[in-house]
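# Architecture and fold: a report
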Amino acid sequence: MARAKLDPAALEQALRTLDGWDLAEDGGSIQRRFVFADFSEAFAFMTRSALMAEKLNHHPDWSNVYKTVDVSLSTHDAGGLTELDLKLAAAMNDLARD
Ligand SMILES: C[C@H](O)[C@H](O)[C@H]1CNC2=NC(N)=NC(=O)C2=N1
């Protein structure tokens, strides 16, 4: 199913309720850095997030260095941001709190 790109006003509103996520400079993705206690915690978060991503069929662009995970979300199929990105961002925030 094709997902509609979010309009800037809806996006700005949604970002207010999404702890830690910022719009990228080019406006095409949202980004957050997660910092954990150690590598083990960071990787556990990535494992849980990967399972969630599969469930949503929506996958993060991310990188990990030691206890830091940098995440960028966008909907490649739509060429921008959609509700799916907000959904995955909120789910990752929940998983980081566990
Ligand atoms: C064919 C498959 O459903 C698509 O390639 C999905 C998979 N995961 C995806 N993940 C993200 N982040 N954006 C997409 O557009 C996307 N598309």
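Residues numbered from 1 in each chain as written. Predicted model: local features only at pLDDT ≥ 70, side-chain atom pairs only at ≥ 80, totals over all residues. Heavy atoms only, no water.

The name recorded for the chain in an unreviewed UniProt entry is Putative pterin-4-alpha-carbinolamine dehydratase, from Nitratireductor aquibiodomus. Regarding the chain, the UniProt comment filed under Sequence similarities (unreviewed entry) reads as follows: "Belongs to the pterin-4-alpha-carbinolamine dehydratase family." Taken directly from UniProt, the Catalytic activity (unreviewed entry) text for the chain runs: "(4aS,6R)-4a-hydroxy-L-erythro-5,6,7,8-tetrahydrobiopterin = (6R)-L-erythro-6,7-dihydrobiopterin + H2O". (UniProt positions renumbered as here; feature names shortened; annotations may be inferred.)

Attention now moves to unusual backbone geometry. With a phi angle near 50 degrees, N57 is a residue other than glycine that sits in the positive phi range. Tracing the backbone shows N57 in the loop between helix 2 (39–56) and strand 3 (61–65). Its relative accessible area of 60% is what places N57 among the exposed residues. A positive phi angle is found at Y66, which is not glycine, with a value near 50 degrees. Here Y66 shows up in the loop between strand 3 and strand 4 (68–73). (Helix = DSSP H or I, 4+ residues; strand = E, 2+ residues; numbered from the N terminus. Buried < 20%, exposed > 50% of the residue type's maximum accessible area, 1.4 Å probe, protein only.)

As a matter of local geometry, the ligand sits amid N57, H58, H59, S74, T75, H76 and D77. A distance of 2.8 Å is found between an oxygen atom of the ligand and a side-chain nitrogen or oxygen belonging to N57. Note that a nitrogen atom of the ligand is positioned 2.8 Å from one of the backbone N or O atoms of H59. When grouped by side-chain class, the residues that make up the shell around the ligand number no nonpolar, six polar and one charged. (Near = heavy atom within 4 Å. Polar contact = N/O pair within 3.5 Å; in protein donor to acceptor, adjacent residues only side chain to side chain. Nonpolar A, V, L, I, M, F, W, Y, C, P; charged D, E, K, R; others polar.)

We now examine helix 3 (residues 83–97). For helix 3, spanning 15 residues, the distance from its first C-alpha to its last is 22 Å, which sits close to the expected 21 Å at 1.5 Å a residue. Every buried residue belonging to helix 3 is among L84, D85, L86, L88, A89, A91, M92, N93 and L95, and all of these are buried. Close packing links the buried residues of helix 3 with helix 1 (8–16), strand 2 (30–35), helix 2, strand 3 and strand 4. (Expected span 1.5 Å × (residues − 1). Contact = heavy atoms within 4.5 Å.)

Take the pattern of salt bridges next. Evaluation of the coordinates by the stated rule reveals three salt bridges. Across the pair E12 and R16 runs a salt bridge whose closest N-O atoms are separated by 3.3 Å. In this pair, E12 and R16 both sit in helix 1, four residues apart, roughly one turn of the helix. With a relative accessible area of 51%, E12 lands in the exposed category. Residue R16 is classed as exposed on the basis of its relative accessible area of 58%. Of the charged contacts, one joins D70 and R33 as a salt bridge, the two residues approaching to 2.7 Å between their closest N and O atoms. Of this pair, D70 sits in strand 4 while R33 sits in strand 2; the two residues are 37 residues apart in sequence, bridging distant segments of the chain. (Salt bridge = Lys/Arg side-chain N within 4 Å of Asp/Glu carboxyl O.)

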